[in-house]
Amino acid sequence: MKLPDQAPGCPGDSCGGADLSPPRSLPAADSDGRCHFVEINGRRVALDSRADRRLLAILREDLGLVAAKPGCGIGRCGACMVWLDDVPVNSCLVMAWQLDGRRVSTAELVADSPISEDIRQAIAQCGGLQCGYCSPGIVVTLTHLYQRVPRPCADEVVTLMSGHVCRCTGYSGLLRAIAGLFAQPSDVAGTSGHGGGPT
Ligand code: FES
Ligand code: FES
């Protein structure tokens, strides 16, 4: 994440325009060996997809889950971030053949968690978004970092967020939000109560 000296804050909603609508009906498995069983947002689904199709395309085009955004397409901008087995990954770099038996959580699910609510409120209150295109991916990564035990400090988070690009360059607001959320590393015992996956 490139960090300019100053960037203006601006109003916006707290979820960055994430579409919270439920998935469409899912394709059935077929018999040509292209079926991949995967858990997506808590639902076990059978994907009938070519092995080399990207997870980002499957989410958006097949399942109607559009919070993960297309951007660079090469793993540089973070707009397409999802959790794969609870770890943030760029969905533009994950192929269908890699999904068998895996668990995918998109911003549609992550946004439902109380932890994510803290993140989104902090970003909104600090003016950390403008058009909101990058925001779902940023929330996905920040929510993961926020619930880690021990929780990283603000400086570490800025480094860990280096894979996110905001084309509106609203980094100052994001920095303020990160500074407030990650002011102190969490205790190893996890007494902050922010452990666990999405709810
Ligand atoms: S679209 Fe995936 S990282 Fe940019
Ligand atoms: S707020 Fe517009 S791309 Fe980040």
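Along each chain, the written sequence defines residue order, and numbers are assigned to residues from 1. Naming scheme: in the order in which they are written, chains are lettered from A and ligands are numbered from 1. It should be noted that, the model being predicted, local features are given only for residues of pLDDT at least 70 and side-chain atom pairs only at 80 or more, the latter also being counted only at that level, while totals for whole chains, interfaces and linings use all residues.

## Comments concerning the nonpolar core
Item 1. Under the definition applied here, buried Ala, Val, Leu, Ile, Met, Phe, Trp, Tyr and Cys residues are grouped into a nonpolar core through C-beta atoms within 7 Å. Residue burial here comes from a neighbour count, namely the number of other C-beta atoms, placed from the backbone, that lie within 10 Å of the residue's own C-beta, with 20 or more meaning buried, 12 or fewer meaning exposed, and in between meaning partly exposed. Among the nonpolar cores identified, the biggest contains 48 residues, and Ala 68, Ile 123 and Val 139 are the most heavily contacted of them.
Item 2. The helix count covers DSSP runs of H or I at least four residues long, the strand count covers runs of E at least two residues long, and both are numbered beginning at the N terminus. Looking at this core, the elements with two or more residues in it are strand E1 (35-40), strand E2 (43-48), helix H1 (55-62), strand E3 (81-84), helix H2 (107-110), helix H3 (114-125), helix H4 (135-146) and helix H6 (171-181).
Item 3. Domain delimitation in this document rests on an assignment produced automatically or drawn from a domain database. Shared between two domains, this core holds at least three residues of each, these being domain 1 (35-109) and domain 2 (113-181).

## Observations regarding the environment of Pro 114
Item 1. Relative to the elements of secondary structure, Pro 114 occurs in helix H3.
Item 2. With 10 C-beta atoms counted inside 10 Å, the residue Pro 114 sits in the exposed group.
Item 3. In this structure the C-alpha to C-alpha distance between Pro 114 and Thr 143, which are 29 residues apart in sequence, comes to 9.7 Å.

## Some thoughts on the environment of Gly 173
Item 1. Mapped onto the secondary structure, Gly 173 falls in helix H6.
Item 2. Taking the C-alpha atoms as reference points, Gly 173 and Ala 124, 49 residues apart in sequence, are found 8.6 Å from one another.

## A look at H3
Item 1. One less than the residue count of a helix, multiplied by 1.5 Å, gives the span that helix is expected to have. The end-to-end C-alpha distance of H3 is 16 Å, a good match for the 16 Å that 12 residues give at a rise of 1.5 Å each.
Item 2. By the burial criterion, the buried members of H3 are Ile 115, Ser 116, Ile 119, Arg 120, Ala 122, Ile 123 and Ala 124.
Item 3. A pair of residues counts as a contact when their C-beta atoms, built from backbone coordinates, are separated by no more than 7 Å. As for H3, its buried residues are in contact with H2, H4 and H6.
Item 4. Backbone geometry just downstream of H3 places Gly 127 in the positive-phi region, at approximately 70°.

## Remarks on H4
Because the α-helix completes a turn every 3.6 residues, residues three or four places apart line up on one side.
Item 1. The terminal C-alpha atoms of H4, which comprises 12 residues, lie 16 Å apart, in line with the 16 Å expected from a rise of 1.5 Å per residue.
Item 2. Within H4 the residues assigned to the buried category are Ser 135, Pro 136, Gly 137, Ile 138, Val 139, Val 140, Thr 141, Leu 142, Thr 143, His 144 and Tyr 146.
Item 3. Packing partners of the buried residues in H4 comprise E3, strand E4 (87-90), H2, H3 and H6.

## Concerning the packing of H3 against H4
When two helices pack together, their arrangement is given by the angle between the helix axes and the distance between those axes.
Item 1. To get an axis, fit a line to the C-alpha atoms, keeping to the stretch in contact for a helix; angles then go from 0 to 180 degrees between the N-to-C directions. Contact pair H3 / H4: the axes reach a minimum separation of 9 Å and the direction vectors enclose 125°. Here H4 runs oblique to H3, going by the angle between their axes. You can see that H3 and H4 cross each other, and the crossing is right-handed. Residue-level contacts link Ile 115, Ser 116, Ile 119, Arg 120 and Ile 123 of H3 to Ser 135, Val 139, Leu 142, Thr 143 and Tyr 146 of H4.
Item 2. Charged means Asp, Glu, Lys or Arg here, nonpolar means Ala, Val, Leu, Ile, Met, Phe, Trp, Tyr, Cys or Pro, and polar covers whatever is left, Gly included. Along the lines of polarity and charge, the residues of the contact of H3 with H4 split into six nonpolar, three polar and one charged. Working rule for angles: under 35 degrees goes down as roughly parallel, over 145 as roughly antiparallel, 65 to 115 as roughly perpendicular, anything else as oblique. If you view the pair so one helix is near and one far, a crossing is left-handed when the near helix is turned anticlockwise from the far one by less than a right angle, and right-handed when it is turned clockwise.

## Considerations on the confidence of the model for the protein
Item 1. Looking at the protein, the pLDDT average stands at 81 and 74% of residues meet or exceed 70.
Item 2. Values of pLDDT, the confidence the predictor places in each residue, fall between 0 and 100. Contacts for the low-pLDDT stretch residues 187-199, under 50 throughout, to residues beyond four places or in other chains number 24 contacts.

## Comments concerning unusual backbone geometry
Item 1. A cis amide bond links Val 149 with the next residue in sequence, Pro 150, at an omega value of 0°.
Item 2. Considering the arrangement of structural elements, one finds Pro 150 in the loop between H4 and helix H5 (154-160).
Item 3. Even without glycine at this site, Asn 41 takes up a positive phi of about 50°.
Item 4. With respect to the helices, strands and loops of the structure, Asn 41 is situated in the loop between E1 and E2.
Item 5. Overall, the presence of 21 C-beta atoms within 10 Å leaves Asn 41 in the buried class.

## Comments concerning the pairing of E4
Item 1. The alternating pattern of E4 places Pro 88 and Asn 90 on a buried face and Val 87 and Val 89 on a face that is not buried.
Item 2. Two strands pair when backbone bridges link them, and E3 and E4 are joined in this way by four bridges, in the antiparallel orientation. Residue pairing for E4: Met 81 is matched across the bridge by Asn 90.
Item 3. Paired strands, in this sense, are two strands between which DSSP finds at least two bridges. Linking E3 to E4, which pair antiparallel, is a turn of two residues; within it Asp 85 sits at a positive phi near 50°.

## Section: the packing of H3 against H6
Item 1. As a packed pair, H3 and H6 sit with axes 8 Å apart at the nearest point and diverge in direction by 135°. By the angle class used here, H3 and H6 are oblique. The crossing of H3 and H6 is right-handed. From H3, Ile 119, Ala 122 and Ile 123 reach across to H6, where they touch Leu 174, Ala 177, Gly 180 and Leu 181.
Item 2. Among the residues making up the contact of H3 with H6, the classes are represented as six nonpolar, one polar and no charged.

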